[in-house]
Amino acid sequence: MDDIDFRFMDFKEIVENLIVKDNSPSIPEAINRLFTDIANINRESIAEIQDAQVEEMAVNLWNWAVTKRVDLVINEEQKAKLWYVACKLVCMCGGSAASEEAIRRQILMNMKTGKGWVDVGNAVIADEFFQAAMAGLEQLYVKLMQRSSTEIHMALHKIAMERDLFKVLSYQAEAAVAQGDFHRAYTCTLRCKDMLMRFPKMTGYLHILCYNFGVETHKQNKYEESSFWLSQSYDIGKMDKNSVGPEMLAKVLRLLATAYVDWDDQEYYDKALSAINLANKEHLNPSGLFFKMKILLKSERANEELLEAVMEILHLDMSLDFCLNVAKLLMDHERESVGFYFMKIICEHFKSSENIGKALLLYIDMLLQRKEELLAKEKIDEIIIGQRTGRQLTTELVVCLHNILWKKAARSFEVQNYADALNWYYYSLRFYATDRTDLDLAKLRRNMASCYLHLKQLDKAKEAVIEAEQRDPTNIFTQFYVFKIAVLEGNSGRALQAITTLEKLLEEDPKENELLTDRDSPVMLLSIAAHFALENGQQIVAGKALEYLAQYSEDPQQVLTALKCLFCLVFPRVSQMPESENKKKEMDRLLTCLNTALQKLGQSLNGEALNSDSRAKEAHWFRKIAWNLAVQCGKDLVTMREFFILSYKLSQFCPSDQVILIAQKTCLLMAAAVDLEQGRKASTAFEQTRLLNRALEQIHKCRHTWNLLKETGDFSSDPCETLLLLYEFEVKAKMNDPLLDSFLESVWELPHLESKTFETIASLAVEMPAHYPSIALKALKEALLLYKKKESIDVLKYSKCMHNLINLLVPDGVPSTELCPLEEVWGYFEDALSLISHTKGYPETEILWLMIKSWNTGIFMYGRNKYVSAEKWCGLALRFLDRLGSLKRSYETQMNILYSELVEALDRKKGSLFNEE
């Protein structure tokens, strides 16, 4: 008991706090708490609290709910919950000893609470309160009868009681309908209907209630129940025509007829017809007459009945628009004889109406749809005569007539009856005589041109297109027909101009060209244009159309197909072009196209990702094209590089088999070689650094590819690794890479390098801006060593390598002791002389060069007072002289004289020998 008391005190506190709040976020939570807790409270649990206090709390809560709902602080469901709580509290008070006033209050609160729950869609809870209200009425009735002293008092109390009973019964009927309980709703409603004699003012209320029941059950496709409620609504409404007007009765009957029709049973069509006839008698309404015609058609009545109905419509002076709608209804239901007859009567009946043109247009449209073309032409001629004699159609109707004629022409065009299509277009053209500024005239001319083209009447087609271009030159369809005419005339220049103009129009804002709202339409035109040009032998024009198609299509497969066609057209022609500015432009164009292909290969195909086989097949085709174009570039190294790079990128969509890896390796090598070549020619240090870095990037990619390739077979004869080494060395040397020595450490240890590789390293090491003479020296030494190791020395290559080594060590006749001691330099001269002595074929010019180098070195030593060395080096020069062939006679005398003079000078200064270190 203590827990219950505590719970109620908490409950009471929530109520008291709630009713002092104006608007608080906590209100919904408090309402839900009260609604939940009321189930745990009864009168015994709060016995110490007086009824008056409980009733006061309940009334305050009730009134607060009413006020806050008016102020929109709470919603209907929250109000219903508060009324629920207040009603439960009130019903706890008094019990069987409750006063009449208390019982009346409880009845009223139960009725309103129940109705509130019906309105928020919870009929189950509502029933609980309606039952309580009925019980309260019975209790009140007993009390009133007990204290009534006369029959008059009893009668008055009974009437008051029955009025409340009527309301409760009607509410219970609402709850029953909401729960789908037709029998209970039917019982409650009939009890109310029986009480209408005593409460005639409730007739309108019960009439509307039954009508609403009919509407609700019709929405639920419960046609039998709906027809019952609507019949009751009509019957009840007739009981008091002062409160229910004929318009409302007709509305009920029309819905009743609708319910019978929707029941979709032949048995009920007659009932529907009876209902609609009765509705039309109650209150004539166009919708009623129209619905009657629909019922007659749906029930498949004979044409005689339909004719009778349409004559009734004319007799009742219905509007022209209404009559035309009936005629269309008849035609839609394939009652053509009645429809045409009615149209004929309509045109005659309304011939003096200013809107007769509307009837004539509908008549023409019906005739054309049913292939009554001769009669349609008569009606069109009538309109044309009317236009000339002052009975002109409105602008809106003229537009409608054009639409009718164009639709007919389009149907003829679709079945390839182009002459007939032209006939209808000519009719349309006659209505433009008074308004020749309309853009639709340009469209009409285009349509006529299309017909002429199919009829092989090129001159007439051209004439129509010229007029269309004059009126609407910025329309893409206009330019398309200009293009077609030019192609057929063999005027490729005009065709190219038209397709270029069309492309420019595609770049405009979509608002400027109505066609661009449908992106597929211009793309479709470009595709058709390309095919048309090809069919007519205009390959250059077709190529331009294909190029634009690839640019604007959003379908990757369509783009790839267009590009393949373009390359098939252009590549053979470009490959035969001499080097020129025109060839450069074509190459740039094809480069752009290949970039587009690369982009599309990375996109989806027809809404799905390209499968690997399809992608690989397409990529393989384009990579070979890119390769062949690179080969065609000749001296244009920059463009060649771009094609090789594209070929590499395209090949990445292909399976990495040996063929693809070889192609990738070659592409990257060529790209790196071009970057190096361009780097050598760069005009600024910044540009050179950019190119060298780019080359290095390709080198690293190529090395990765090369490593993969080596796993697929024997490539020992492939120079790739050597080239990569040389390319990377050149980049690092020219960029003064601090890690260059570290890089070379592994190079010196490689076993497979050839002499030529070391000679190249030596050359690169001292090629500007690189300057690494020590590396060059080491590389040349390695090269000479390799030459010597061979069984048969290649004298020419050896002599060239020796030349480079000695030139590095003795530049301009001045020995470079920083690089190498003079004794070691002497050794290289001796090696050369030894080979010359024992081998044939050493180039005489090289022997002469060695002679001069050694002589100049001797003279240099003489100038430095190193007389012994001077005699030694000059003596070496004479030994080289002895090995000369045909050139010996030219130098022998002079050299001997010079040497003799040198010896005499040495004898005079022999004391200087002691000064030589």
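Please read these numbers as outputs of a predicted model, since none were measured by experiment.

Participant: So what about a negative patch on the surface? Which residues, and what values?
Facilitator: A cluster of acidic residues, D262, D264, D265 and E267, forms a negative patch at the surface. Checked against the element boundaries, D265 lands in the loop between α11 (246-262) and α12 (266-282).

Participant: I'd love a proper account of the pattern of salt bridges, names of residues and values included.
Facilitator: A complete count under the given rule lists 49 salt bridges for this structure. Of the charged contacts, one joins R105 and E101 as a salt bridge, the two residues approaching to 3.6 Å between their closest N and O atoms. Of the two residues, R105 and E101 are both situated in helix α5 (residues 100-119); the distance of four residues between them amounts to about one turn of the helix. Judged by its relative accessible area of 56%, E101 is exposed. Between K781 and E824 there is a salt bridge, with its nearest N and O atoms 2.9 Å apart. Of this pair, K781 sits in helix α36 (residues 773-789) while E824 sits in helix α38 (residues 822-838), and the two are 43 residues apart along the sequence. In this structure E824 comes out as partly exposed when scored by relative accessible area, which is 28%. Salt bridges linked by common partners bring E677, R680, K681, E730, K734 and E767 together as one network.

Participant: Break down the packing of aromatic side chains for me, with residues and values.
Facilitator: As enumerated under the stated definition, the model contains 33 aromatic pairs in all. Seen in terms of ring centroids, F290 and F322 are 6.2 Å apart; in terms of plane orientation they differ by 65 degrees. Their pairing is edge-to-face. Taken together, the residues F290 in helix α13 (residues 286-298) and F322 in helix α15 (residues 320-332) connect sequence positions 32 residues apart. On the accessibility criterion, F290 (23% relative accessible area) is partly exposed. For the pair W406 and Y425, a centre-to-centre distance of 6.4 Å together with 75 degrees between the ring planes defines the contact as edge-to-face.

Participant: Please set out unusual backbone geometry residue by residue, giving values where relevant.
Facilitator: At the junction of M768 and P769, the peptide bond is cis and its omega measures out at 5 degrees in the coordinates. As for its placement among the helices and strands, P769 is situated in the loop between α35 (755-765) and α36. Positive phi, normally seen in glycine, also occurs at E334, with a value near 60 degrees. Structurally, E334 can be placed in the loop between α15 and α16 (336-349).

Participant: Can you break down the environment of I74 residue by residue, with the values?
Facilitator: Positionally, I74 belongs in the loop between α3 (51-70) and α4 (76-91). For the pair I74 and A682, spaced 608 residues apart in the sequence, the C-alpha separation amounts to 81 Å. Beyond its immediate chain neighbours, meaning those up to four positions away, I74 contacts I27, I31, A65, K68, R69, K79 and L82.

Participant: Now, about the packing of helix α14 (residues 303-315) against α16: what can you tell me, with residues and values included?
Facilitator: At a closest axis distance of 10 Å, the pairing of α14 and α16 adopts a crossing angle of 20 degrees. As summarised for this structure, α14 and α16 are arranged roughly parallel, according to the angle between their axes. Here α14 runs over α16; the crossing is right-handed. On the side of α14, the interface is formed by N303, L306, L307, V310, M311 and L314, while α16 contributes S337, V338, Y341, F342, I345 and H349.

Cut-offs used in this document
- Here the residue numbering is sequential within each chain, running from 1 through the sequence in written order.
- It should be noted that, the model being predicted, local features are given only for residues of pLDDT at least 70 and side-chain atom pairs only at 80 or more, the latter also being counted only at that level, while totals for whole chains, interfaces and linings use all residues.
- Only heavy atoms go into the side-chain values, all of them from the structure, while hydrogens and water stay out.
- Surface patches are drawn from residues lacking salt bridges whose relative accessible area is over 30%; two like charges belong together within 9 Å, two nonpolar side chains (Val, Leu, Ile, Met, Phe, Trp, Tyr) within 5 Å.
- All accessibility values rest on the Shrake-Rupley procedure with a 1.4 Å probe; residue burial counts only the protein chains present in the view.
- When a carboxyl oxygen of Asp or Glu lies within 4 Å of a side-chain nitrogen of Lys or Arg, that pair is called a salt bridge.
- As used throughout, the charge tally considers Lys and Arg to be positive and Asp and Glu to be negative, leaving His and the chain termini uncounted.
- To locate a charge, take atom NZ for lysine, CZ for arginine, CG for aspartate or CD for glutamate.
- Helix numbering and strand numbering both begin at the N terminus, where a helix is a DSSP run of H or I of at least 4 residues and a strand a DSSP run of E of at least 2.
- Burial classes follow relative accessibility: with a 1.4 Å probe on protein chains only, a residue under 20% of its type's maximum area counts as buried, one over 50% as exposed, and anything between as partly exposed.
- A pair of Phe, Tyr and Trp rings is counted when the ring centres sit within 6.5 Å of each other, with Trp represented by its six-membered ring. The angle between the planes then sorts it: under 30 degrees is stacked, over 60 is edge-to-face, the rest tilted.
- Note on contacts: a residue pair qualifies if any of its non-hydrogen atoms lie within 4.5 Å across the two residues.
- What counts as an axis is a line fitted to C-alpha atoms, over the stretch in contact for a helix, and the angles between N-to-C directions run from 0 to 180 degrees.
- Here the angle decides the label: under 35 degrees means roughly parallel, over 145 means roughly antiparallel, 65 to 115 means roughly perpendicular, and every other value means oblique.
- Handedness of a crossing is defined here by the sense of rotation of the near helix relative to the far one, left-handed for an anticlockwise turn of less than a right angle and right-handed for a clockwise turn.

Structural measurements only, silent on function.
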